[in-house]
Amino acid sequence: GIDAARPDTVAGRATVVTDPTRFGTGTSAVIRVDGTRYLASGWGRVGAALQRTSAGDRIDVEGSTSPYVARRARLASLHTGTRLALTKAQPTGSTAALWHIANGVRRHLVDGAEHLSPERRALFTGIVYGDDRGQDDLLASDFRLAGLTHLLAVSGQNVAYVLLIARPLLERLRLHHRWIATLAVLTVFATVTRFEPSVLRATAMAGLAVTARLVGRDGSAGRLLAAAVTLLLLIDPLLAHTVAFRLSVAASAGIVWLQPLVEPAWIRWRWLRESLGVTVAAQLAVAPILVSTFGPVSLVSIPANVAAAPVAGATMAWG
């Protein structure tokens, strides 16, 4: 908690909210102490101790606070406006059960990709579960120019791949058990991806879809999208300020309502016709957000996405 004698000092047991990242010679992560979030930073031994933790771990900390000034989207994604310069960081070795399972999955995936080069391993972890911390700037620039930035970090399509892979097992269960198992799969995967905004949107839609099927209600894509967005914003209104959430919602809306209008009927092959329709619809829907946030969008993004989507799906399934 906050030391009453020194209001700018925080000491106590914290929960690590985000995976630690390196900056210069230091390490930073968002932590939560007594319900309050801080962007904690440490150097030397303290930074090394923080670096050894993962999201969900518990750690004893001490440090001094200061205001954190950043863009609204950054503050919204971190849910904090306060820095904490750590003078102590002592991992306790304690982790909540759900986080323990999710972190074990992440470690297992990294171990499975150990034979890859560091650059390809970082690309693999980004595509499969959204850990983009090891990706270099040149790689990110190449993907951005090709309109494939969404592949570098986990997106809503990853949720679809996970459910597709789990489907043979889920379909063996009775309806109520299938509903519980599906929600469990969605919860674990969302935790593995650290509840990325696009994953939250897709997870909410998938959870509502299986629930609608359970109770025999209409589960049309448009209604599911509207209900999922409403539910998530009621739970966390700050999601509206994150670019990733706005892009995910816009892309989904484009696929739901624009795809029938832009799908090229003159193409004989259904898979190509649908791929082009989905890609064009999504690109048209997100274009206003992309242009206003990142600048001009390359036209090569449409064929690039059509070609890359199957490869990303195969990589996800292989992972």
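For the structure itself, look to the data block above.
We now turn to the structure provided with this report.

What counts as what
Residues numbered from 1 in each chain as written. Predicted model: local features only at pLDDT ≥ 70, side-chain atom pairs only at ≥ 80, totals over all residues. Heavy atoms only, no water. Pairing = 2+ DSSP bridges. Helix = DSSP H or I, 4+ residues; strand = E, 2+ residues; numbered from the N terminus. 1 Å grid on protein atoms, 1.4 Å probe; cavity = no way out; pocket = protein on both sides within 12 Å on 5 of 7 lines; lining within 4 Å. Points joined across faces, edges and corners; volume = space filled by probe spheres on them. Nonpolar A, V, L, I, M, F, W, Y, C, P; charged D, E, K, R; others polar. Patch = residues over 30% accessible without salt bridge, like charges linked within 9 Å, V, L, I, M, F, W, Y side chains within 5 Å. Areas by Shrake-Rupley, 256 points an atom, 1.4 Å probe, with all protein chains shown as cover. Salt bridge = Lys/Arg side-chain N within 4 Å of Asp/Glu carboxyl O. Lys, Arg positive; Asp, Glu negative; His and termini not counted. Charge placed at Lys NZ, Arg CZ, Asp CG, Glu CD. Buried < 20%, exposed > 50% of the residue type's maximum accessible area, 1.4 Å probe, protein only. Axes fitted to C-alpha atoms, helices over the stretch in contact; angles between N-to-C directions. Parallel < 35°, antiparallel > 145°, perpendicular 65-115°, else oblique. Left-handed = near helix turned anticlockwise from the far one by under 90°. Contact = heavy atoms within 4.5 Å. Expected span 1.5 Å × (residues − 1). Phe/Tyr/Trp six-rings, centres within 6.5 Å; stacked < 30°, edge-to-face > 60°.

**Remarks on the pairing of strand S6 (residues 82–95)**
Right, so step 1: Note: strand S4 (residues 36–43) against S6, three bridges, orientation parallel. The residue of S6 that forms the bridge with Leu-39 is Arg-83.
Right, so step 2: Taken together, the 10 bridges between strand S5 (residues 57–67) and S6 define a ladder with antiparallel strand orientation. Bridge pairing in S6 links Ser-66 to Arg-83.

**A short note on empty space enclosed by the protein**
Right, so step 1: Throughout the structure, instances matching the rule amount to one cavity of 30 Å³ or more.
Right, so step 2: Every residue along the wall of the largest cavity is listed here: Ile-127, His-150, Leu-151, Ala-153, Ser-155, Gln-157, Asn-158, Tyr-161 and Ala-312.
Right, so step 3: Put simply, the parts of the chain that give the lining of the largest cavity at least two residues each are helix H6 (149–152) and helix H7 (156–170).
Right, so step 4: Per element, the largest residue contribution to the lining of the largest cavity is three residues, and it comes from H7.
Right, so step 5: Grouping the amino acids of the lining of the largest cavity by side-chain chemistry returns five nonpolar, four polar and no charged.

**Comments concerning the layout of surface pockets**
A probe as big as a water molecule, rolled over the atoms, marks out the empty space that is left.
Right, so step 1: Roughly 420 Å³ of internal volume is contained in the second largest pocket.
Right, so step 2: In terms of lining, the second largest pocket is formed by 19 residues, of which the most central are Val-110, Thr-125, Tyr-129, Asp-131 and Arg-133.
Right, so step 3: Of all elements in the fold, only helix H3 (97–112) and helix H4 (118–129) reach the threshold of two or more residues within the lining of the second largest pocket.
Right, so step 4: Considering every element that reaches the lining of the second largest pocket, the biggest residue donor is H4, with five residues.

**Looking at a negative patch on the surface**
Right, so step 1: A grouping of Glu-119, Asp-136, Asp-137 and Asp-142 is seen on the molecular surface, where their side chains present a negatively charged patch.
Right, so step 2: For Glu-119, the position within the fold is in helix H4.
Right, so step 3: The exposure class of Glu-119 is partly exposed, given its relative accessible area of 44%.

**A short note on the packing of helix H9 (residues 197–215) against helix H10 (residues 221–235)**
Right, so step 1: It is the contact of H9 with H10, at a shortest axis distance of 9 Å, that shows an interaxial angle of 120°. Classified by the interaxial angle, the pair formed by H9 and H10 is oblique. Viewed along their axes, H9 and H10 form a crossing whose handedness is right-handed. Contacts between H9 and H10 involve Leu-200, Arg-201, Ala-204, Met-205, Leu-208 and Ala-209 from the former and Ala-221, Leu-224, Leu-225, Ala-227, Ala-228 and Leu-232 from the latter.
Right, so step 2: Here the contact of H9 with H10 is built from residues that sort into 11 nonpolar, no polar and one charged.

**Looking at helix H8 (residues 175–192)**
Right, so step 1: Helix length check: H8, at 18 residues, gives a terminal C-alpha distance of 26 Å against a target of 26 Å (1.5 Å per residue), a fit within 8%.
Right, so step 2: Directly after H8, the chain includes Arg-194, whose backbone phi takes a positive value near 65°.

**Re the pattern of salt bridges**
Right, so step 1: Scanning the entire structure with this criterion turns up eight salt bridges.
Right, so step 2: Put simply, Arg-106 and Asp-19 hold a salt bridge, and the shortest N to O gap is 3.0 Å. Pair noted here: Arg-106 is in helix H3 and Asp-19 is in the loop between strand S1 (9–16) and strand S2 (21–23), with a separation of 87 residues, a long-range link. Here the two residues Arg-106 and Asp-19 agree in accessibility, since each one is buried.

**Here we look at H9**
Right, so step 1: Over its 19 residues, H9 extends 27 Å from the first C-alpha to the last, a length consistent with the 27 Å expected when each residue adds 1.5 Å.
Right, so step 2: Buried within H9 are the following residues: Pro-197, Ser-198, Val-199, Arg-201, Ala-202, Thr-203, Ala-204, Met-205, Ala-206, Gly-207 and Ala-212.
Right, so step 3: Just downstream of H9 lies Gly-216, where phi reads positive at about 75°.

**Focus on the environment of Tyr-161**
Right, so step 1: Looking at the secondary structure, you find Tyr-161 in helix H7.
Right, so step 2: Spatially, the C-alpha atoms of Tyr-161 and Ala-202 are 11 Å apart, while their sequence positions differ by 41 residues.
Right, so step 3: Among residues more than four places away in sequence, those in contact with Tyr-161 are Ala-309, Gly-313 and Met-316.

**Examining the packing of H10 against helix H11 (residues 243–257)**
Right, so step 1: It is at 10 Å that the axes of H10 and H11 come closest, and there the two elements cross at 165°. By the criterion of interaxial angle, the relationship of H10 to H11 is roughly antiparallel. Seen along the crossing, H10 lies across H11 with a hand that is left-handed. Of the residues in H11, those touching H10 at Ala-221, Gly-222, Leu-225, Val-229, Leu-232 and Leu-233 are Phe-245, Val-249, Ser-252, Ala-253, Val-256 and Trp-257.

**Some details on the packing of aromatic side chains**
Right, so step 1: Summed over the entire model, instances satisfying the criterion amount to three aromatic pairs.
Right, so step 2: With centroids separated by 6.0 Å and ring planes inclined at 70°, the aromatic side chains of Trp-99 and Phe-195 adopt a geometry described as edge-to-face. A residue pair is termed long-range when its members are at least 10 positions apart, and Trp-99 in helix H3 and Phe-195 in the loop between H8 and H9 qualify at 96 residues.
Right, so step 3: A relative accessible area of 34% places Phe-195 in the partly exposed class.
Right, so step 4: Taking 5.4 Å as the distance between ring centres and 70° as the angle between the ring planes, the aromatic pair formed by Phe-124 and Trp-318 counts as edge-to-face. Of this pair, Phe-124 sits in helix H4 while Trp-318 is found in helix H14 (residues 301–318), placing the two residues 194 residues apart along the sequence.
Right, so step 5: On the basis of relative accessible area, Phe-124 is assigned to the buried category, the value being 6%.

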